[in-house]
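# Residue-level structural notes
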Amino acid sequence: MHTITGFQPIAVQSAHTLVLGSMPGVLSLKANQYYAHPRNAFWPIMASICGFSPELPYLHRVEQLQAADIALWDVLHTCVRPGSLDSAIEEGSRVPNDFAAFFQQHPHIRLVGFNGAEAEKSFNVYILPQLNVSGIHFVRLPSSSPAHAALTLAQKITAWREALCIKP
């Protein structure tokens, strides 16, 4: 197995909301784009709640997130994981990103949404105990992964909109 490395954050300094995944999947890493899997619901969810087309080219979708002051990153900087499933991350291989520096550089972040259980678990175990920030609310969002089929797209959109406090 080889170590995989995630992406740099997508964030403007004025961002007030941060959405955190765990680690990009195989297709995302190959495309060098967050949430590149065609069945991942992330971009349709964000397009619906932020008012843009999910069909926009990637860089335009990113610009729309930035215009909405929503930042995007992953909890993990590196890990060993065959395939794309969070459940396949090898125990003991998780290396988190530097959130102390991120929050210092983005002082307006008031809400962190975890895109699924692994992102929340890794953040709570590897980052939160050493993090010294206040005034930030943390919430788990239903996973946008196609592997999480318990909710429909419409249900995920509703849950994300409510959790991220974004008005329709």
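Shown above is the structure to which this text applies.
Residues numbered from 1 in each chain as written. Predicted model: local features only at pLDDT ≥ 70, side-chain atom pairs only at ≥ 80, totals over all residues. Heavy atoms only, no water.

### Let's talk about the side chain of Ser22
We apply this condition: Counting from the N terminus, the helices are the DSSP runs of H or I reaching at least four residues and the strands are the DSSP runs of E reaching at least two. Summary of the burial criterion: residues with accessible area below 20% of their type's maximum are buried, those above 50% are exposed, and those between are partly exposed, where the area comes from a 1.4 Å probe applied to protein chains only. Two residues form a contact once any of their heavy atoms are found within 4.5 Å.
Mapped onto the fold, Ser22 is located in the loop between strand E2 (17-21) and helix H1 (26-31). Judged by relative accessible area, which is 6%, Ser22 ranks as buried. Not counting the four nearest positions on each side in its chain, Ser22 is found in contact with Asp74, Val75, Leu76, Asp86, Glu118 and Ala119.

### Some details on the pairing of strand E4 (residues 76-80)
For clarity, the cut-off: Two strands are counted as paired when DSSP detects at least two bridges linking them.
Along E4, four of the five residues are buried, which leaves the element largely enclosed by surrounding structure. Pairing geometry for strand E1 (residues 3-5) and E4, over three bridges, is antiparallel. Each bridged residue has a counterpart across the sheet, and for Thr5 the counterpart in E4 is Thr78. The pairing of E4 with strand E5 (residues 95-96) spans two bridges and is classified as antiparallel. Bridge pairing in E5 links Thr78 to Val95.

### Here we look at the packing of aromatic side chains
Basically, it comes down to this: Only the six-membered ring of Trp is used, alongside the rings of Phe and Tyr, when aromatic pairs are assigned; centres must lie within 6.5 Å, and planes under 30 degrees apart are stacked while those over 60 apart are edge-to-face, with the rest tilted.
All told, the structure shown has 15 aromatic pairs when counted by the stated rule. Ring geometry for Trp43 against Tyr58: centres 5.9 Å apart, planes inclined by 85°, an arrangement best described as edge-to-face. Separated by 15 residues along the polypeptide, Trp43 in helix H2 (residues 42-50) and Tyr58 in helix H3 (residues 58-67) bring together distant segments of the chain. The burial state of Trp43 is the same as that of Tyr58; both residues are buried. Here a set of aromatic residues connected by ring pairs shows up, and it is made of Phe7, Tyr34, Tyr35, Phe42, Trp43, Tyr58 and Trp160.

### Let's talk about the packing of H2 against helix H6 (residues 153-163)
We count it as follows: Axes here refer to lines fitted to C-alpha atoms; in helices the fit is confined to the stretch in contact. Angles between the N-to-C directions go from 0 to 180 degrees. Roughly parallel refers to an angle under 35 degrees, roughly antiparallel to one over 145, roughly perpendicular to one between 65 and 115, and oblique to any angle outside these ranges. The hand of a helix crossing depends on one turn: near helix anticlockwise from the far one by less than a right angle means left-handed, and clockwise means right-handed. As a working rule, the residues Ala, Val, Leu, Ile, Met, Phe, Trp, Tyr, Cys and Pro are called nonpolar, Asp, Glu, Lys and Arg charged, and the rest polar, with Gly in that last group.
Where H2 meets H6, the closest approach of the two axes is 9 Å, and the angle between their N-to-C directions is 55°. With respect to their mutual orientation, H2 and H6 come out oblique. The handedness of the crossing between H2 and H6 is right-handed. Taken together, the residues of H6 that come into contact with H2 (itself represented by Phe42, Pro44, Ile45, Met46, Ser48 and Ile49) are Leu153, Lys156, Ile157, Trp160 and Arg161. Class assignment of the residues belonging to the contact of H2 with H6 gives a composition of eight nonpolar, one polar and two charged.

### Considering the sheet that holds E5
The three strands lie next to each other as E1-E4-E5, forming an open sheet whose pairing is antiparallel. Here the strands that pair on one side only, and so sit at the sheet edges, are E1 and E5.

Purely geometric numbers; function is a separate question.
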